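Chain by chain, the residues:
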Amino acid sequence: MKIYYEDSMPYAAEFFNELGECQVFSHKTVNAAMLADADVLLVRSTTKVNANLLSQNTRLQFVATATAGTDHVDQEYLATRGIPFVSAGGCNAVAVAEYVLSAMIVTANKHSWQLADKTVGIVGAGHVGTALSSLLTVLGIKHKLCDPPLADGGDTRAFVTMDEIMQCDVITLHVPWVKEGKYQTQGMFDKHRLKQLSEQQLLINACRGEVLDNQAALELFEQGKKLNLVLDVWDNEPDIKLELIPHIALATAHIAGHTIEGKARGTEMLYLALCELWGKQADKKLSDYLPKATIGPLIVKDTQDLLKAASQLILKVYDISEDDQAFKKQADGPDQFRYIRKHYPIRREFSAIVVNAGNFVDSKAIYALGFLPL
Ligand SMILES: NC(=O)C1=CN([C@@H]2O[C@H](COP(=O)(O)OP(=O)(O)OC[C@H]3O[C@@H](n4cnc5c(N)ncnc54)[C@H](O)[C@@H]3O)[C@@H](O)[C@H]2O)C=CC1
Ligand SMILES: O=C(O)C(=O)[C@H](O)COP(=O)(O)O
């Protein structure tokens, strides 16, 4: 069996080499001829899987993406050919939730905000929205969820409307890119919604660029509107609107989900799916491959204030402002956008970091954020 996988999937050789004959490809050069003899195709979000890419292949029996988003895969086309498709929903939910927390803490420090007084509006209460909600609950930060598809489907959590979300101090978007229909997300933050935001609010987009109208944001900035935006994702990546970057409070190159755990979990999920499809015993696991963290053990300095103590720890593990500075310095076109993503430094999740909570008044809360006890 020939297994083709994208070169940006960590530990793919370790997981797949024994399952078949492996071929590695780059999304920049992959084409229909190259994939003509593939039995299995494994991608990340950078490879567009469609009729054109698969036009010379007649033997594919499995396509999968090691990502949460699936907008780069023409699933209708795969269904017409009867090719099973799997995605890695949830693989990087914790990574994105930790990215959002870092963005909130950096913003709070910059503007002397008390996060304990703020309310966060989470749009999209799937894997990422739920992971973020759990972290905010541990930290005692008030938050609201908006997810009409889940509400209509019978999810019993308390949901609010978009009008209520618009009143929140922090608004963070975690929806798929849906181009049309009842639950369309494309252009969800259009000029009208962006105009409604005040300088005291923070809007974070770490889902898909097309959910927030980038052109509208640029026009508003150019008209003098003050908006506090954190953008990890951009319209039309990797060929993004470079003129927008200087206006963005924290700007990053679609790396919110790029912890080593988040990416590698995606690979592991596809390995498990392929083993299941082929009725093979899965005998490999991610924990055998992940390196030990180079940070830590960290020590909790403050002994009383959970938010203060947690903020210090979180920024030691992941300080988004470092990514923001590097991005603003380097991003000057599509090749550079790709380069920054491909050479992203190793980032770890809280669960890889040992913390000595010492005399801290609420050590349980520290470990509930995911940190490992000493
Ligand atoms: N920046 C990054 O590195 C990453 C970006 N993503 C993006 O974030 C998205 C969300 O990720 P997950 O939480 O894992 O996906 P998910 O599928 O688990 O959750 C998405 C949620 O959005 C809800 N939703 C759909 N349409 C909506 C609408 N119109 N209004 C409100 N809610 C709506 C769905 O009902 C679902 O509960 C992905 O589709 C992907 O595009 C995900 C991971 C990493
Ligand atoms: O999982 C998703 O959805 C994402 O957006 C990924 O974090 C994107 O990562 P790449 O596939 O572009 O490496």
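Residues numbered from 1 in each chain as written. Chains lettered and ligands numbered in written order. Predicted model: local features only at pLDDT ≥ 70, side-chain atom pairs only at ≥ 80, totals over all residues. Heavy atoms only, no water.

In the nomenclature of an unreviewed UniProt entry, the protein chain is known as Erythronate-4-phosphate dehydrogenase of Paraglaciecola arctica BSs20135. Heading Pathway (unreviewed entry) of the UniProt record for the protein chain holds this comment: "Cofactor biosynthesis; pyridoxine 5'-phosphate biosynthesis; pyridoxine 5'-phosphate from D-erythrose 4-phosphate: step 2/5." Comment text from UniProt for the protein chain, heading Subcellular location (unreviewed entry), reads "Cytoplasm". (UniProt positions renumbered as here; feature names shortened; annotations may be inferred.)

Draft legend 1. Summary view of the site of ligand 2. Close contacts around ligand 2 come from Arg-44, Ser-45, Thr-67, Ala-68, Gly-69, Asn-92, Arg-208, His-254, His-258 and Arg-341, and that covers them all. A distance of 2.7 Å is found between an oxygen atom of ligand 2 and a backbone nitrogen or oxygen belonging to Ala-68. Gly-69 places a main-chain nitrogen or oxygen 2.7 Å from an oxygen atom of ligand 2. Of the residues assigned to the shell around ligand 2, the class counts are one nonpolar, six polar and three charged. (Near = heavy atom within 4 Å. Polar contact = N/O pair within 3.5 Å; in protein donor to acceptor, adjacent residues only side chain to side chain. Nonpolar A, V, L, I, M, F, W, Y, C, P; charged D, E, K, R; others polar.)

Draft legend 2. Geometry of the side chain of Arg-44. Locating Arg-44 in the fold gives a position in the loop between β3 (40-43) and β4 (62-65). For the buried Arg-44, no salt bridge exists, and the shortest N-O distance to an oppositely charged side chain is 6.6 Å, to Glu-6. (Helix = DSSP H or I, 4+ residues; strand = E, 2+ residues; numbered from the N terminus. Buried < 20%, exposed > 50% of the residue type's maximum accessible area, 1.4 Å probe, protein only. Lys, Arg positive; Asp, Glu negative; His and termini not counted. Salt bridge = Lys/Arg side-chain N within 4 Å of Asp/Glu carboxyl O.)

Draft legend 3. Local environment of helix α11 (residues 320-330). Among all positions in α11, only Ile-320, Ser-321, Asp-323, Asp-324 and Phe-327 are buried. With its buried residues spanning 155 degrees around the axis, α11 presents them on a single face. In α11, the exposed positions that point more than 90 degrees away from the buried face belong to Glu-322, Gln-325 and Lys-329. Contacts from the buried residues of α11 go to α3 (93-111), β10 (229-231), β11 (250-251) and α12 (334-342). (Arc of directions from axis to C-beta. Contact = heavy atoms within 4.5 Å.)

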